[in-house]
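A structural walkthrough
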Amino acid sequence: TMITPETLQTIKLQTAVALTSGTSKDFTSIPSGVNRITVMWLDCSLSGTSRPQVQLGVGGSAVTSGYDCSGAIFSSSSMASTSYTTGWVVYTDAIAAYNSSGHLILSRIDGNKWVGVGQASNDTSSPYSSTSSGHIGLAGELDMIRFGTVNGSDTFDVGTVNISWEF
């Protein structure tokens, strides 16, 4: 089989955004027909004890409800889990001094239905690993990703976030 530009799938990495202020960072103008999006963050830290979360957007607005997602956090001595309806939560240990790094892979399963799975770690002296998974059906074509906080008031104080997409 001959490989042509039409058959070659490429990953479109966007421009990384510093997480040094604000309660959310939006990635807009995601083109129609994208079938996979990866959200990546490095050394993300918040001013308080909220957790980061990823929300999908339609028509330039973040969808803030209707998610069926769960998350779990593991250490050498404990485990905790919970569920969320407001987005894919980066279920890290909720301590302001901790930095989290990880990724969430979102895949279109059919129409405007999306499934996702993510992994993250806390960069601390007591390391934690976390996982999250879930799904949502959107009312229209996905065109944005929001990386924000669960409580909407804690601010980012360090780190970087970026996304990539594939058709």
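Residues numbered from 1 in each chain as written. Predicted model: local features only at pLDDT ≥ 70, side-chain atom pairs only at ≥ 80, totals over all residues. Heavy atoms only, no water.

Glancing now at the side chain of threonine 149. Relative to the elements of secondary structure, threonine 149 occurs in strand E13 (residues 142–149). Residue classification places threonine 149 among the buried positions, given a relative accessible area of 6%. A polar contact is formed between the side chain of threonine 149 and the backbone nitrogen of glycine 152, at a distance of 3.1 Å. Sequence-distant contacts of threonine 149, that is, excluding residues within four places in its chain, are made with Thr23, Leu46, Ser50, Arg51, Pro52, Gln53, Asp154 and Phe156. (Helix = DSSP H or I, 4+ residues; strand = E, 2+ residues; numbered from the N terminus. Buried < 20%, exposed > 50% of the residue type's maximum accessible area, 1.4 Å probe, protein only. Polar contact = N/O pair within 3.5 Å; in protein donor to acceptor, adjacent residues only side chain to side chain. Contact = heavy atoms within 4.5 Å.)

Turning next to the nonpolar core. In this structure, Ile37, Val39, Leu56, Ile145 and Phe147 are the most contacted members of the largest nonpolar core, which totals 28 residues. Sorting the residues of this core by element identifies strand E4 (36–46), strand E5 (52–58), strand E10 (100–110), strand E11 (113–122), E13 and strand E14 (156–166) as the ones contributing at least two each. (Core = buried A, V, L, I, M, F, W, Y, C linked by side-chain atoms within 4.5 Å.)

Let us look at the pairing of strand E7 (residues 68–74). The side chains of a regular strand alternate, residue by residue, between the two faces of the sheet. Of the pairings in the sheet, the one linking E7 to strand E12 (residues 129–137) comprises seven bridges and is antiparallel in character. From the neighbouring strand, glycine 71 faces E12, where its bridge partner is serine 132. In this structure, E7 lies alongside strand E8 (residues 79–84), joined through six bridges in antiparallel fashion. Looking across to E8, one finds that cysteine 69 is bridged to tyrosine 84. Connecting the antiparallel pair E7 and E8 is a turn made up of four residues. (Pairing = 2+ DSSP bridges.)

This paragraph deals with the confidence of the model for the protein. Parts of the model with low pLDDT should not have their predicted coordinates read in detail. Taken residue by residue, the protein gives an average pLDDT of 88. The fraction at 70 or more is 89%. Mean pLDDT values for the elements of the protein range from 86 in E8 up to 97 in strand E3 (residues 24–27). (pLDDT = per-residue confidence, 0-100.)

A separate point is the packing of aromatic side chains. Scanning the entire structure with this criterion turns up three aromatic pairs. Between phenylalanine 147 and phenylalanine 156 the ring centres are 5.6 Å apart and the planes differ by 15°, which places this aromatic pair in the stacked class. A network of ring pairs unites the aromatic residues Trp41, Phe147 and Phe156 as a single cluster. (Phe/Tyr/Trp six-rings, centres within 6.5 Å; stacked < 30°, edge-to-face > 60°.)

Next up on the list: the pairing of E11. The alternating pattern of E11 places Trp114, Gly116, Gly118, Ala120 and Asn122 on a buried face, while none of Lys113, Val115, Val117, Gln119 and Ser121, on the opposite face, is buried. As paired elements, E10 and E11 share 10 bridges and run antiparallel to each other. Within the sheet, the bridge partner assigned to serine 101 lies in E11 and is serine 121. Counted along the chain from E10 to the antiparallel partner E11, the turn is two residues long, and its residue glycine 111 has a positive phi close to 55°.

Per the counting criterion, the structure on display carries two salt bridges. Aspartate 26 serves as the salt-bridge partner of arginine 146, at 2.7 Å between the closest nitrogen and oxygen. With arginine 146 in strand E13 and aspartate 26 in strand E3, the pair connects residues that are 120 residues apart, well separated along the chain. Owing to a relative accessible area of 23%, arginine 146 belongs among the partly exposed residues under this scheme. With relative accessibility at 35%, the residue aspartate 26 sits in the partly exposed group. (Salt bridge = Lys/Arg side-chain N within 4 Å of Asp/Glu carboxyl O.)

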